[in-house]
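Listed below are the residues making up each chain.
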Amino acid sequence: MSSLPNTKNKAFFWKWLPWMLLLIMIAGFIWLFMSMKSASNATWEPPRTTAAQQQASAPVSADNTSAPISSYHNAVARASQSVVNIYTTQTVAEHPYIDDPVMRQYFEDNNQQDQGSTNLGSGVIVSKDGYIVTNAHVVEKADEITVAFSDGRKSRAKVIGTDPDSDLAVIKVEMTGLTPLGFRESPIRVGDLALAIGNPFGVGQTVTQGIISATGRTGLGVNKFEDFIQTDAAINPGNSGGALVDANGELVGINTVIFSRSGGSMGIGFAIPTALVEQVMNALIKDGRVSRGWLGIEIQSQLRDPTQLETSTGVEVLKVIPQGPADKSGLKVGDIILTIDGVEMTDANSLIQYVARKPPNTTLVTQILRNGKNAQVDVLLTERPAQQVVEVPVVINEGLSGQPNYHGESENRPMMSKEERDRMREELLKLFEQDAVAQ
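Anyway, here's the lowdown on the structure attached to this text. (Residues numbered from 1 in each chain as written. Predicted model: local features only at pLDDT ≥ 70, side-chain atom pairs only at ≥ 80, totals over all residues. Heavy atoms only, no water.)

## Overview of the pairing of strand β13 (residues 251-258)
Here is step 1 of the chain: When you tally the buried positions in β13, you get eight out of eight residues, the bulk of the element.
Here is step 2 of the chain: Count of turn residues in the strand β12 (residues 243-245)/β13 antiparallel hairpin: five residues, of which G249 carries a positive phi of about 80 degrees.
Here is step 3 of the chain: For β13 and strand β14 (residues 269-273), the ladder comprises five bridges, and the chain directions are antiparallel. What sits directly across from V257, in β14, is F270. (Buried < 20%, exposed > 50% of the residue type's maximum accessible area, 1.4 Å probe, protein only. Helix = DSSP H or I, 4+ residues; strand = E, 2+ residues; numbered from the N terminus. Pairing = 2+ DSSP bridges.)

Here it is in structure tokens:
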């Protein structure tokens, strides 16, 4: 009789065992799903410098006293290991007449093959697992990207995403254990020391020193979204995509543009600040593209004549795109936008920059002046539509020859038609025949 309860207990156990296993499996699947979801929704954070690293890379005087600083070696040593050289190769198609049985005799090399055009630039490591930030024009149309590290290693890289509107790009190498460069958290100030690190003219990693000449530079006509740091640290062809760091070796910007009449440094260089770099980098790593807010208006600044003593601030609405966000919210032509979310709109560029940094489906509280009276309009942003590419006259998009190649100039010309090629063929034959007779 004593074995009867044991038999019942065993029967009970075997009866409920499958259900217990099923519950364990369901709980495991739920945990796995939540883990994957949280990982996919995680926001990419830029590397930060610890207090110990800041102390170790602080500028020092010659005798470690309070005497004037004589060396930035510690800051440069730490920052330079996170700056890479980037070499891109683009295939150049063979001459269109190389296969022409009549024309090919006039070529010196009858076996001409496709040639590779090599460009150079720089980049900044932003993660231990291989993400690198550089300029979009450095990797534009590249067929192959080679990254050279400060320790002599090299690796192929793939493009994660590009944002031509800000001239930023993210590439990735299949390597681990890299040293990311910490982003400076506090805003850079005019007069602060600046160190530019890159690969000018392909001579190798180089450091130049200057100061921050200005911040918030806009209206250069280089990028659609401009908020540049200006510096007099020498920036030359090959520095594109390299690091602009402070005296502690923390990243403050990505070098991108120079103002130059000669192609070399004239003491006016521009870098994209880390605030914009962080926004674009997050979007490119997460989604492969940048999604920006859009108002759907054409605007102009109220400040028209700098010689007039009495000027008004604000931004005037010149055109409202039908069925756009502004049109649906009630904004009208002639309205003057004074503030957005309490931030004063001093000019058209400040408004464009503010709106572009807001994600779609964000509601902006807009204070306007209409017919001499103040009013408030709430605008729900939508995603900014694709824009036409703007020519960039001074972006450093250089070749190994060191000659600047002005980005955006005659890059998308259509191929010649058959009639045009035949006409050119006849003209070339006549020239060759005349040259042969003359000799």
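There is more to say after this.
## Focus on the sheet that holds strand β9 (residues 193-198)
Each strand in a sheet pairs with another by means of backbone hydrogen bonds, the pair being arranged parallel or else antiparallel.
Here is step 1 of the chain: A barrel is described by the order of its strands in space; here six strands give the closed sequence β9-β10-β11-β14-β13-β12, paired in antiparallel fashion. Averaged over all neighbouring strand pairs, the angle between strand axes comes to 45 degrees, with direction disregarded.
Here is step 2 of the chain: The pairing of β9 with β12 spans three bridges and is antiparallel. Directly across from A196, in β12, lies its bridge partner L244. (Axes fitted to C-alpha atoms, helices over the stretch in contact; angles between N-to-C directions.)

## Some thoughts on the side chain of D165
Here is step 1 of the chain: Relative to the assigned elements, D165 resides in the loop between β7 (154-163) and β8 (168-173).
Here is step 2 of the chain: Classification of D165 by relative accessible area gives buried; the value is 17%.

## With respect to unusual backbone geometry
Here is step 1 of the chain: Positive phi is not limited to glycine here, since Q323 has a value of about 65 degrees.
Here is step 2 of the chain: With respect to the secondary-structure elements, Q323 resides in the loop between β17 (315-320) and α6 (325-329).
Here is step 3 of the chain: If you check the backbone angles, N371 has positive phi at about 55 degrees while not being a glycine.
Here is step 4 of the chain: Inspection of the secondary structure assignment puts N371 in the loop between β20 (363-370) and β21 (373-380).

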